[in-house]
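Fold and contact review
Residue strings, one per chain:
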Amino acid sequence: MDLLALADFNLVARHGGVGRAARESGRPKATLSRRVSDLESGLNLRLFERGARTLKLTEEGRALYERTSALLLEIDETAAAIASGGEAPRGSLRVSAPLLFSQAAMGKLAATFALRYPEIQLEVTTEDRAVDMVEEGYDLVIRVNPDPDVRLVGRIFMRDRLVVVASPKFAPPAGKAAVPAILRRGGFGVAASSWEYVGRSGKKRISVKPTLCLASLFMVRDAVRAGVGVARVPVSLVTKDLAAGKLVCWGDVEGPEIALWALYPSRRLLSARVSTFLDFLKEAFPTGSPNELAAFID
């Protein structure tokens, strides 16, 4: 396969047309058109649907673009790094991170990263949904307890756990009286009527009466501080409040650990930018303990 033709195909696909690709790159339109046609002939595939004024990738063209664009970028970056004698990494880095982690730490982390690596253009989006890294153009995704995916590899860089917390004015009920509870999302219709946790005297079950449902765990924490009720939150979110006596911990919630993963596509060469960001996370959270994340939270 002609790598020059493949590179020109990626250029046209990325810009959505020969004319735009020519303007952005300064390459002649005729050369780009000829290279794309030569690639189609060599592969015996139609890579673009050509209309009067539109150019759209075929299914085969999209598959070729998705599988080769990152590889060509890695080749360019490797060549540039060798030519520059291993200078600092550069280029764009797109990261998707979950809401709580972003609110707690990502602003400070991103600022520190940008100051240390000014040649990397870091873009962070915040969302909890599953994303298609290749289709949506992400270089790295941070997720909590992600489902197994053979297309992705990664590492755990942070662990946390859920605890039941309350204002000091609340005490664990001695009988069956229900305790007002603050929930995150989900609504009242699906709320459990009881919670289990492991306290100093062993496992306990308490009756709860949901009284408030909020979209953010930071909002939940603030409502607990105000004395509205009890809540289940990550311990990192309330570590400082517990130490200051603003909140009390009734016990740990049993269940799977909360593990934050940094993920990237398994078929993509690990770029210098991604490798640098992974090392940066390891430096920020050397042991991966909740206390290290708590240090970022005001």
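As the structure is a computational prediction, the values presented were derived from the model and not from experiment.

Rules of the game
- Residues numbered from 1 in each chain as written.
- Predicted model: local features only at pLDDT ≥ 70, side-chain atom pairs only at ≥ 80, totals over all residues.
- Heavy atoms only, no water.
- Helix = DSSP H or I, 4+ residues; strand = E, 2+ residues; numbered from the N terminus.
- Rg over C-alpha atoms; globule rule 2.2 N^0.38 Å.
- Buried < 20%, exposed > 50% of the residue type's maximum accessible area, 1.4 Å probe, protein only.
- Contact = heavy atoms within 4.5 Å.
- Areas by Shrake-Rupley, 256 points an atom, 1.4 Å probe, with all protein chains shown as cover.
- Lys, Arg positive; Asp, Glu negative; His and termini not counted.
- Charge placed at Lys NZ, Arg CZ, Asp CG, Glu CD.
- Core = buried A, V, L, I, M, F, W, Y, C linked by side-chain atoms within 4.5 Å.
- Salt bridge = Lys/Arg side-chain N within 4 Å of Asp/Glu carboxyl O.
- Expected span 1.5 Å × (residues − 1).
- Bend = angle between axes of the 7 residues up to and from the residue.
- Phe/Tyr/Trp six-rings, centres within 6.5 Å; stacked < 30°, edge-to-face > 60°.
- pLDDT = per-residue confidence, 0-100.

1. Some points on the overall build of the chain
Scanning the chain from N- to C-terminus turns up 10 helices and 13 strands. Here the C-alpha atoms of the chain give a radius of gyration of 25 Å, more than 25% beyond the 19 Å that 2.2 N^0.38 yields for 298 residues. Reported as C-alpha extents along the three principal axes, the dimensions of the chain are approximately 80 × 45 × 30 Å. When burial is assessed residue by residue, the chain has 41% of its 298 residues classed as buried. Looking at the chain alone, contacts between residues at least 24 apart form 74% of all its contacts between residues at least 6 apart. As displayed, the chain offers around 16,300 Å² of accessible surface, 54% of which is attributable to carbon and sulfur atoms. Across the chain, 41 positive and 34 negative side-chain charges occur, with their mean positions spaced 6 Å apart.

2. Considerations on the nonpolar core
Residues Phe101, Leu109, Ile142, Phe157, Val233 and Phe285 are the most contacted members of the largest nonpolar core, which totals 42 residues. For this core, the element with the highest residue contribution is helix α5 (residues 99-116), accounting for 6 residues. Apart from the residues lying within four places of it in its own chain, the contact partners of Phe101 are Met106, Leu109, Ile142, Phe157, Leu260, Phe285 and Leu293. Within the second largest apolar cluster, 18 residues are counted, among which are Ala5, Phe48, Leu64 and Tyr65.

3. Some remarks on the side chain of Glu292
Within the secondary structure, Glu292 sits in helix α10 (residues 290-294). Lys282 provides the closest opposite charge to the buried, unpaired Glu292, separated from it by 7.7 Å. Apart from residues lying up to four places away in sequence, Glu292 is in contact with Met158, Phe285, Pro286 and Thr287.

4. A look at α5
Over its 18 residues, α5 runs 24 Å from end to end, which matches the ideal 26 Å to within 8%, given 1.5 Å per residue. Taken as a whole, α5 carries its principal kink of about 60 degrees at Ala105. For α5, every residue scored as buried is listed here: Phe101, Ser102, Ala104, Ala105, Met106, Leu109, Ala110 and Phe113.

5. Observations concerning the packing of aromatic side chains
Summed over the entire model, instances satisfying the criterion amount to 10 aromatic pairs. Put simply, the rings of Phe101, Phe157, Phe285 and Phe296 pair up and form one aromatic cluster.

6. So, the pattern of salt bridges
Summed over all chains, the structure comprises 19 salt bridges. Between Asp252 and Arg161 there is a salt bridge whose closest N-O contact spans 3.2 Å. Remark: Arg161 occurs in the loop between β6 (152-160) and β7 (162-166) and Asp252 occurs in strand β12 (residues 248-252); sequence separation between them is 91 residues. The exposure class assigned to Asp252 is partly exposed, which follows from its relative accessible area of 29%. What makes Arg161 partly exposed here is its relative accessible area of 40%. The partner of Glu196 in a salt bridge is Arg205, and the shortest N-O contact between them spans 2.3 Å. Under the relative-accessibility criterion, Glu196 is labelled partly exposed at 33%.

7. Structural notes on the confidence of the model for the chain
When pLDDT is averaged across the chain, the result is 88; 92% of the residues are at 70 or more. Taking the mean pLDDT of every element in the chain, the minimum, 75, falls on helix α4 (residues 59-83) and the maximum, 97, on helix α8 (residues 235-244).

8. Side note on the environment of Leu100
Along the polypeptide, Leu100 turns up in helix α5. Take Leu100: its relative accessible area is 22%, and that puts it in the partly exposed class. For Leu100 and Phe218, which are 118 residues apart along the polypeptide, the C-alpha to C-alpha distance reads 7.8 Å. Residues contacting Leu100, with those up to four places away along its chain left out, are Leu217, Phe218, Pro234 and Leu237.

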